[in-house]
Amino acid sequence: GCGWVVLQRIPVQEAEQETATFCRDEVLVANNALHMTGVDFDPQVCPKGQAMGYCGNVIFRRICAVTCEVPNTGFDSCHEDDLVAPEEYGKMFHPLTVFSCFDLASRCDDAAGIVRTICPRSCPSDPARRLKEGTPEFGVKLRMELRRIAKATPQRKLGYDSDADPTTGF
């Protein structure tokens, strides 16, 4: 038999792989922001801060996104510019009026990496960028704010509610 064989390149659309980018705790940024470097560096800074109530601070909450349960999707996700943190950053670090990430765009490369963390859309990630040590001034101001939050947050204590006598358990 005779027949025809036609070869034609048919472009096949590759299935777009959804690259799920999940929130993460920026441990290096947290340590830099608190000016905890060298021997003071704490890999557990996020969980320890959460236990102290620091997730009540919008900047700490964004830096420690997983620990402080920042959503992975939606308008308030860790992938979107924070709507409140830039103003807090402006009050704490710079004596200037800051209302949004747009106002902080010129500061995307701040030494500690804070602006890039709270404004991920306005400050696209640069893989070649390396964090430098945070400035002591901001670390002091952030620590003062976090201590204020810790004092106002009731500490969790182990225990249970029961009518039983605590010494005997009955």
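Q: In this structure, what is going on with the state of the cysteines? I would like to understand it.
A: The bond known as a disulfide is covalent and runs between the sulfur atoms of two cysteines. Applying the stated criterion across every chain, the model contains five disulfides. The disulfide pattern of the protein chain is 1-6, 2-4, 3-5, 7-9, 8-10 when the bonded cysteines are numbered in sequence order.

Q: What am I meant to see in helix H4 (residues 85-93) here?
A: It helps to recall that an α-helix has 3.6 residues per turn; residues three or four apart then point in one direction. Buried residues dominate H4, accounting for seven of its nine residues. Turning to H4, its buried residues number three or more, namely Ala85, Pro86, Glu88, Tyr89, Gly90, Met92 and Phe93.

Q: Honestly, the environment of alanine 65 in this entry has me stumped. Any pointers?
A: Here alanine 65 lies in the loop between helix H3 (58-63) and H4. Exposure remark for alanine 65: the relative accessible area of 2% places this residue in the buried category. Along the sequence, alanine 65 and cysteine 46 sit 19 residues apart, while their C-alpha atoms lie 8.8 Å from each other. Non-local contacts of alanine 65, meaning those with residues more than four positions away in its chain, are made with Cys23, Arg24, Asp25, Val70 and Cys78.

Q: What is the right way to read the nonpolar core from this model?
A: For soluble globular proteins, nonpolar side chains are generally found buried alongside one another. Counting residues in hydrophobic clusters, the biggest one holds 31 residues, and the most contacted among them are Ile63, Tyr89 and Ile114. For this core, the leading source of residues is H4, giving four residues.

Q: Hey, could you run me through a nonpolar patch on the surface in this one?
A: There is a patch of nonpolar side chains on the surface, built from Phe75, Leu83 and Val84 and spanning about 360 Å² of accessible area. Its place among the elements puts leucine 83 in the loop between H3 and H4.

Q: Please clarify how unusual backbone geometry should be interpreted in this entry.
A: A negative phi angle characterises most non-glycine residues, just as the trans form characterises most peptide bonds. Its identity as a non-glycine residue notwithstanding, histidine 35 has a phi of 55°, on the positive side. Taking relative accessible area as the criterion, histidine 35 reaches 27% and is therefore assigned partly exposed. For glutamate 69, which is not glycine, the phi dihedral falls at a positive 60°. Using a relative accessible area of 64% as the deciding quantity, one classes glutamate 69 as exposed.

Reading guide: rules and limits
Residues numbered from 1 in each chain as written. Predicted model: local features only at pLDDT ≥ 70, side-chain atom pairs only at ≥ 80, totals over all residues. Heavy atoms only, no water. Disulfide = S-S within 2.5 Å. Buried < 20%, exposed > 50% of the residue type's maximum accessible area, 1.4 Å probe, protein only. Helix = DSSP H or I, 4+ residues; strand = E, 2+ residues; numbered from the N terminus. Contact = heavy atoms within 4.5 Å. Core = buried A, V, L, I, M, F, W, Y, C linked by side-chain atoms within 4.5 Å. Patch = residues over 30% accessible without salt bridge, like charges linked within 9 Å, V, L, I, M, F, W, Y side chains within 5 Å. Areas by Shrake-Rupley, 256 points an atom, 1.4 Å probe, with all protein chains shown as cover. Salt bridge = Lys/Arg side-chain N within 4 Å of Asp/Glu carboxyl O.

By themselves, these figures tell us nothing about what the structure is for.
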